[in-house]
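Each chain, written out:
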Amino acid sequence: MREEVVPSPEAAHRVAVLSFDGIGAFEVAVAVQVFASANDNAGTELYEVAVAGPAGPTVTRTGRASSYALLPDRTLAWAESAHTVVVPAAPRIYDPPPEVAAAMLRARANGARIVALCLGTFLVAATGLLDGHQATTHWHWADQLATAHPKIHVHPERLFVADGEIFTSGGGTAAMDLLLHLIECDHGSALATEVARFLVAPIRRDGDQAQRAGWDVPEPPRSLTDTLYWAEDHLAETLTVAMLARHAGMSVRTFARQCRDALGIPPIEWLQRARVRRAQELLQRTTWTVQRVAEASGFGSESALRYHFTRLAELTPGEYRSRFGAARGKRPATEDVVT
């Protein structure tokens, strides 16, 4: 019999990754790995992450035939008291077992945020928690979700959707995009970026970028990927779409089309988002002035940084530093004050 752990008020943020027969092995593993990596990179236990499910081993599913046993280390009762409940995909299962559905409902009633990965959206939808909300799922099953649950506003092309305290992701690596987004929400862009780099994840993508690329291969052409990594290493410099296209060996029109096909946004928007992420890292790690952060992230002027930062992060630079800055609570030098 598993021992229940009663956390103290000072305990880490509890993350319950649900498991039951037929659950997808990939999403269970990636959820545990991302939150554990956040602990490793922060050097402290920010998250207490555990797999929770009915008593005894559960049989996971990978593909059409492969499966293996997984032994949850927490009960569903523990999941009901978690701060975050992750609902992985369960291929070809659209209604969760009654006890799992009840645990989701109780956890949400207790204030937990609910995070559905890929087809896990169907499992959350079956409880009614998504009625009246916006959501996404794997693009291949998005129409089926919309038909089965007409009260849900389905966004089939989104990587992930945040609607209040309920989060849903598209298929495959979109689950990692969402999990990194949650770490950024909790602890800032710098830690989320460290985790992404540690996991050798693809370039971080925002939720409104597209699930599907325009090629019949799982990744965009290598020249585009190399150019985006190169741009991230040169954000402080003057960069234009023409310069990026030249680096990729493409015409501006071809580069813009391939960037939109791969990421769902035009290259100039990707560049602005990359610069905002760099500014977030600098605001979190340093006591630099807004002007200095603007120069180091490539915006050049304080006004340009403030405009794009507020537009994309929905916080001013000062508000972001106050919430996530490593030096918060310490009084910076007069010349380093951020407002």
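Residues numbered from 1 in each chain as written. Predicted model: local features only at pLDDT ≥ 70, side-chain atom pairs only at ≥ 80, totals over all residues. Heavy atoms only, no water.

Moving on: the overall build of the chain. Secondary structure assignment for the chain yields 14 helices and 10 strands. Residue burial in the chain is summarised as follows: out of 339 residues, 50% are buried. Of the accessible surface of the chain, which amounts to about 15,700 Å², a share of 53% is contributed by carbon and sulfur atoms. (Helix = DSSP H or I, 4+ residues; strand = E, 2+ residues; numbered from the N terminus. Buried < 20%, exposed > 50% of the residue type's maximum accessible area, 1.4 Å probe, protein only. Areas by Shrake-Rupley, 256 points an atom, 1.4 Å probe, with all protein chains shown as cover.)

What follows is about the packing of helix α1 (residues 25-42) against helix α6 (residues 174-187). Geometrically, a packed helix pair is captured by the angle between its two axes and the distance between the axes. In the contact formed by α1 and α6, the axes pass within 10 Å of each other and the chain directions differ by 30°. Relative to α6, the element α1 lies roughly parallel. α6 is crossed by α1, and the crossing has right-handed handedness. Across the interface between the two elements, Val30, Ala31, Val34, Phe35 and Ala38 from α1 touch Ala175, Met176, Leu179, Leu180, Leu182 and Ile183 from α6. Residue composition of the contact of α1 with α6, grouped by class: 11 nonpolar, no polar and no charged. (Axes fitted to C-alpha atoms, helices over the stretch in contact; angles between N-to-C directions. Parallel < 35°, antiparallel > 145°, perpendicular 65-115°, else oblique. Left-handed = near helix turned anticlockwise from the far one by under 90°. Contact = heavy atoms within 4.5 Å. Nonpolar A, V, L, I, M, F, W, Y, C, P; charged D, E, K, R; others polar.)

We now examine unusual backbone geometry. In the Ramachandran plot, arginine 92 falls in the positive-phi region, its phi being about 65° despite a non-glycine side chain. Positioned with a positive phi, glutamate 314 is a non-glycine residue whose angle comes to about 60°. With respect to the helices, strands and loops of the structure, glutamate 314 is situated in the loop between α13 (302-313) and α14 (317-324).

This part covers the packing of aromatic side chains. Using the criterion set out here, one finds 4 aromatic pairs in the structure. Seen from their ring centres, phenylalanine 309 and tyrosine 320 are 5.6 Å apart, and the 80° between their planes marks the pair as edge-to-face. In this pair, phenylalanine 309 sits in helix α13 while tyrosine 320 sits in helix α14, placing the two residues 11 residues apart along the sequence. Each member of the pair, phenylalanine 309 as well as tyrosine 320, carries the same accessibility label: buried. Chaining the aromatic ring pairs together yields one cluster made of Phe309, Tyr320 and Phe324. Just above the ring of tryptophan 78 sits the side chain of arginine 74; from NZ or CZ to the centre is 5.3 Å. (Phe/Tyr/Trp six-rings, centres within 6.5 Å; stacked < 30°, edge-to-face > 60°. Lys NZ or Arg CZ within 6 Å of the ring centre and 35° of its normal.)

Right, let's talk about the environment of alanine 262 for a bit. Its location among the elements puts alanine 262 in helix α10 (residues 252-263). Between the C-alpha atom of alanine 262 and that of threonine 225, which follows or precedes it by 37 residues, the distance is 9.6 Å.

Glancing now at the sheet that holds strand β1 (residues 13-18). Here 6 strands make up an open sheet; going across it, the order is β2-β1-β5-β6-β10-β9 and the pairing mixed. Each edge of the open sheet carries a strand with a single partner, namely β2 (47-52) and β9 (160-163). Adjacent strand axes in the sheet meet at a mean angle of 15° when their direction is disregarded. Of the strands in this sheet, β2, β6 (113-116), β9 and β10 (166-169) are in contact with α6, which crosses β10 at around 150°. (Pairing = 2+ DSSP bridges.)

By the definition in use, this model includes 9 salt bridges. The salt bridge partner of arginine 285 is glutamate 194, with a shortest N-O separation of 2.4 Å. In this pair, arginine 285 sits in helix α11 (residues 267-285) while glutamate 194 sits in helix α7 (residues 189-198), placing the two residues 91 residues apart along the sequence. Here glutamate 269 makes a salt bridge to arginine 311, at a shortest N to O gap of 3.2 Å. Taken together, the residues span a long stretch of sequence, with glutamate 269 in helix α11 and arginine 311 in helix α13 at a distance of 42 residues. In this structure, a network of salt bridges that share partners links the residues Glu269, Arg273 and Arg311. (Salt bridge = Lys/Arg side-chain N within 4 Å of Asp/Glu carboxyl O.)

Note that predicted coordinates carrying low pLDDT should not be read in detail. Averaged over all residues, the pLDDT of the chain equals 85, while 86% of them reach at least 70. pLDDT under 50 marks residues 1-9. Its contacts with residues more than four places away, or in other chains, come to 14 contacts. Note that residues 327-339 has pLDDT below 50 and, in this model, 22 contacts with residues that lie over four places away or in other chains. (pLDDT = per-residue confidence, 0-100.)

The subject of this paragraph is the pairing of β10. The alternating pattern of β10 places Ile166 and Thr168 on one face and Phe167 and Ser169 on the opposite face, and all of these are buried. In the sheet, β9 pairs with β10 via 4 bridges, with the strands oriented antiparallel. Note on β10: the bridge partner recorded for phenylalanine 160 is serine 169. With antiparallel pairing between neighbouring strands as the criterion, β9 and β10 make up a hairpin whose turn holds 2 residues, including glycine 164 at a positive phi of roughly 65°.

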